[in-house]
Amino acid sequence: MVRISRLVAAGIAVVGSACSAATTPGDGNANPPSVAIVTISPPSVSTQVGKSVQLSAAAKDSAGNVLSGRSVSWISSDSTIAQVSSSGMVSARTAGSAVVQATVEGKHASVTATVAPVPVASLVLSPLGTTVMRGATVQYSATAKDAAGNVLSGRLVLWSSSNTAVATIASSGLATTLTTGSTNIGAVSEGVTAQTSLTVTATPPPPVASVAVSLASSNLNVGQTTQASATLKDVGGNVLTGRAITWSSSNTAVATVNANGVVTGAGAGSANIIATSEGVTGQASVSVTVVPVASVTVSLASSSLTTGKTTQATAVTKDAGGNVLSGRAVTWSSSNTAVATVNASGVVTAVAAGSANVIATSEGVTGQASLSVTVVPVASVTVSLGSSSLTIGQTTQATAVTKDASGNVLTGRTITWSSGNAGIASVSGSGVVTAVALGSTTIAATSEGKSGGANVSVSAVTTTVDTLFFDNFESGALADANRWQDIVGTGASIASAATEGIGAVSGSHILKLSGEGAAISHFVSTAATSPYEHLYLSFRMLRTSQYQATNPGLRAGGIRGSTTQWGSYGVGYNTTGSCPDDPNNVHQQEFMFAYAFNDPAAFALRTYTNWIGEVKFSQNPPMCGGNYALDAASNPPATYYDLNFVPTVDTWHQYEVEIQLNDVGVANGWQRMWVDGVLKIAHLNVRYRTTSGMKLWAITIDTGTMHGGSLYFDDVVVTTGRAP
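Calculation rules
Residues numbered from 1 in each chain as written. Predicted model: local features only at pLDDT ≥ 70, side-chain atom pairs only at ≥ 80, totals over all residues. Heavy atoms only, no water. Core = buried A, V, L, I, M, F, W, Y, C linked by side-chain atoms within 4.5 Å. Buried < 20%, exposed > 50% of the residue type's maximum accessible area, 1.4 Å probe, protein only. Helix = DSSP H or I, 4+ residues; strand = E, 2+ residues; numbered from the N terminus. Pairing = 2+ DSSP bridges. Polar contact = N/O pair within 3.5 Å; in protein donor to acceptor, adjacent residues only side chain to side chain. Contact = heavy atoms within 4.5 Å. Axes fitted to C-alpha atoms, helices over the stretch in contact; angles between N-to-C directions. pLDDT = per-residue confidence, 0-100. Phe/Tyr/Trp six-rings, centres within 6.5 Å; stacked < 30°, edge-to-face > 60°. Lys NZ or Arg CZ within 6 Å of the ring centre and 35° of its normal. Salt bridge = Lys/Arg side-chain N within 4 Å of Asp/Glu carboxyl O.

Participant: Outline the nonpolar core, supporting the account with residue identities and numerical values.
Facilitator: Counting 33 residues, the largest nonpolar core has Trp-484, Leu-511, Ile-701, Phe-713 and Val-716 as its most contacted members. The set of elements that each furnish at least two residues to this core consists of β52 (509-514), β54 (534-543), β61 (653-660), β62 (669-675), β63 (678-686), β64 (698-702) and β66 (710-719). One finds Val-38, Val-100, Ala-102 and Val-104 within the second-largest nonpolar core, a separate group that totals 23 residues.

Participant: Can you tell me about the sheet that holds strand β6 (residues 66-67), naming the residues and giving the values?
Facilitator: Hydrogen bonds between backbone atoms are what pair the strands of a sheet, whose relative direction is either parallel or antiparallel. Read across the open sheet, the three strands follow the order β2-β5-β6; overall the sheet is antiparallel. The strands lining the two open edges of the sheet, one partner per strand, are β2 (37-41) and β6. Examined bridge by bridge, β2 and strand β5 (residues 56-60) share five bridges and lie antiparallel to one another. From the neighbouring strand, Ile-40 faces β5, where its bridge partner is Ala-57.

Participant: So what's going on with the side chain of Arg-155? Residues and values would help.
Facilitator: Among the structural elements, Arg-155 can be located in the loop between β16 (151-152) and β17 (158-161). At 2.6 Å, the side chain of Arg-155 forms a polar contact with the backbone oxygen of Val-118. For Arg-155, the contacting residues outside a window of four places in its chain are Pro-117, Val-118, Pro-119, Val-120, Ala-144, Ser-189 and Glu-190.

Participant: Describe the sheet that holds strand β32 (residues 304-306), naming the residues involved and giving the relevant values.
Facilitator: Reading across the sheet, the four strands line up as β32-β39-β38-β35 and stay open at both edges, with mixed pairing between neighbours. Two strands in the sheet have a free side with no partner beyond their single neighbour: β32 and β35 (331-334). If you compare each strand with its neighbour and ignore which way they point, the axes differ by 30° on average. Pairing of β32 with strand β39 (residues 365-374), which is carried by three bridges, proceeds in the parallel orientation. In the sheet register, Ser-304 faces β39, and the bridge partner there is Ser-372.

Participant: Any details on the confidence of the model for the chain? Residues and values, ideally.
Facilitator: Note: predicted coordinates in regions of low pLDDT should not be interpreted at a detailed level. Looking at the chain as a whole, its pLDDT mean stands at 82, while 81% of the residues score no less than 70. In this model residues 568-602 is a low-confidence stretch, pLDDT under 50, and it forms 136 contacts with partners more than four residues away in sequence or in other chains. Across residues 613-639 the pLDDT falls below 50, and counting only partners more than four positions away or on other chains, this stretch makes 67 contacts in the model.

Participant: I'd like a description of the packing of aromatic side chains, backed by residues and values.
Facilitator: A complete count under the given rule lists five aromatic pairs for this structure. On the basis of an interplanar angle of 85° and a centroid distance of 5.2 Å, the ring pair of Phe-469 and Trp-484 is categorised as edge-to-face. Here Phe-469 is found in strand β49 (residues 467-471), whereas its partner Trp-484 is found in the loop between β49 and β50 (486-488), with 15 residues between them in sequence. Comparing Phe-469 with Trp-484, the two get one shared label, buried. With 6.3 Å between their ring centres and 5° between their planes, Phe-473 and Trp-484 make a pair best called stacked. Remark: Trp-484 occurs in the loop between β49 and β50 and Phe-473 occurs in the loop between β49 and β50; sequence separation between them is 11 residues. Taken individually, Phe-473 and Trp-484 each receive the classification buried, so the pair is uniform in this respect. Here Arg-672 stacks its cationic end above the ring of Trp-670, 3.8 Å away from the centre of that ring. The ring of Trp-674 has Arg-722 sitting right over it, with the charged end atom 4.0 Å from the ring centre.

Participant: Break down the pattern of salt bridges for me, citing the residues and quoting the values.
Facilitator: Where charged atoms from two side chains of opposite charge come close, those side chains can pair. Using the criterion set out here, one finds seven salt bridges in the structure. Ionic pairing is found between Glu-190 and Arg-155, a salt bridge with its closest N-O pair at 3.1 Å. Remark: Arg-155 occurs in the loop between β16 and β17 and Glu-190 occurs in the loop between β20 (181-189) and β21 (192-201); sequence separation between them is 35 residues. Take Glu-190: its relative accessible area is 47%, and that puts it in the partly exposed class. We note a salt bridge from Arg-328 to Glu-363, for which the minimum N-O separation is 3.0 Å. One end of the pair, Arg-328, is in the loop between β34 (324-325) and β35; the other, Glu-363, is in the loop between β38 (354-362) and β39, with 35 residues separating them in the sequence.

Participant: Help me get a handle on the environment of Leu-410, residues and values and all.
Facilitator: Within the secondary structure layout, Leu-410 lies in strand β43 (residues 409-410). The exposure class assigned to Leu-410 is buried, which follows from its relative accessible area of 11%. In this structure the C-alpha to C-alpha distance between Leu-410 and Gly-308, which are 102 residues apart in sequence, comes to 8.7 Å. Not counting the four nearest positions on each side in its chain, Leu-410 is found in contact with Val-376, Pro-377, Val-378, Thr-402, Lys-403 and Asp-404.

Participant: Any details on the pairing of β38? Residues and values, ideally.
Facilitator: Side-chain direction in a regular strand flips from residue to residue, so the side chains alternate between the two faces of the sheet. With four bridges connecting them, β35 and β38 associate as antiparallel partners. Its bridge partner lying in β38, Thr-331 is registered against Thr-361. Here β38 runs beside β39; their pairing, made up of nine bridges, is antiparallel. Across the sheet, Val-358 pairs through a bridge with Ala-369, a residue of β39. Hairpin connection of β38 to β39: two residues between the antiparallel strands, including Glu-363 at a positive phi of 55°.

This is how it looks when you write it as structure tokens:
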């Protein structure tokens, strides 16, 4: 605790992004695992002033699993020595050591950053080659520089004299002459040495009277060099040696000269190269001309890249004689920026697969090099969900991250989404996951043959369900204002289960339907406008082995959006105004029915639904919703669904139907059907209606074209939704 307090007081905390890109296995829980430990890589930092080191922090749970998506807070105990950014980048500022700490959700880890000064690479002494009289003092100075020639301040310099009988030198660099003779004055700093000669004479040396400057070449091209020499003489014309000389140029834009007299052509024109010794000057003239660029050669550090990678382009300019020309302005361009771009510094970036020429232009002359770009293949796909726990009807966004074999994120790749069980959770082409039914499944993303997935669990919506209607047929009456308001035909009756030789589901009475065209309906709302847009119907049904029907067979039970009596509804079903997309639509719409066909052995159940825009069956007049028949050619698959269920004869089965109307004009309605508690059909994203007048009014039980045997029903329930 003491160390953490010191860090907070001395440093500045910065917050970074997720501490690891690794994936932690999910367990399906809504709460993420807690951070148990934090580790930092590398475990220590040793660097020099001006350098940077990237740190990364990994958060782990108690089992050692790396946790992704956790926020990291970075702090340095002394940011004047080592400063740390929000991404964990440590920048060395001054020599010393500091503690860098990473914190994730209250857990800490730290490393020590040791910063060393930039080492001394050379020492420059001043003055050089000095001659003085006995008893005189000379103040020496040593300038420390790094490998790049930058001056380093504050470095310790130790002085020495090779002949202390001639001269001694103090730690301040002050030399005191003792007798005539010569000695070497030496300096050492961090193991780097330099020395200069010191001559002690008994009499004062003759002063410099004249300086004559000569150039090895007085005509230069830009970028070329020549050596300048200075001859010093006394008043008698005697050549003097060992005297200090300072070099300068009258026009540094044309020519420069260094301390050793090396002259460099800088620009077109003329300049005087000047040598000064003991206040006496001499000079020589130099003329500089610009040699035109004759050729440009371009080379690439790598001529083959994958998208997103970079390489350095280099241009060499030469004159007509093949001599390299330095200091010439170069402009970079790409022949195909859709494949590769290049910046002003010649850094080439691969954009997309293909080939391009990287072009350098100098003084109107161009050169180029070819670059080939390929796409990095997808090596892994990671899927994350906005929420891994949904309730029925909820949606969440699935996101897929594609990476190459090195773990680099790849963008712009095509993703194909799929669900391990669309009956539990479906997923759209854009990755929107919709909860359909109870259970759990995997949402998978596939890109370039590589797949990844994430688990989603679906639970029931906790809502209040109101019971709107229930009949177990124990009242003994059908025609009741509170029960069955619409009875068609004479084949519907309440029977004794014992008399029929059939056990009732509850109580002792059951509904018996015999003969073709028998139907009963219950209106859950008798108001002018129904309040219901979501209804659930459950009933038990038993068919005997004597049951016979012709096509289209049994319409066992369903929910419909119509206030029309069933007899009139059936008559007008295939006429003008009956189909949902008809301009004269009066909302006589059959939403869901289970179908049985005339093969007593097969008796496979199907569902049949109407909605706006569905294909009409080709007959005169056209029949909305397609054909009831089993043949695919006359029955559009979009309106006809197989439950993959054959009910057992003389056995009670439970059938459940749930309908949710869409928002007006929006394809977000749905319908589901269960048999014996097992979800058989989930049809989503349906546009049942385009006006708010379409509501849910009635449930109907109908024998269809039955002409032999009987059907039995019990425990009919209508609620505002299926209870969890």
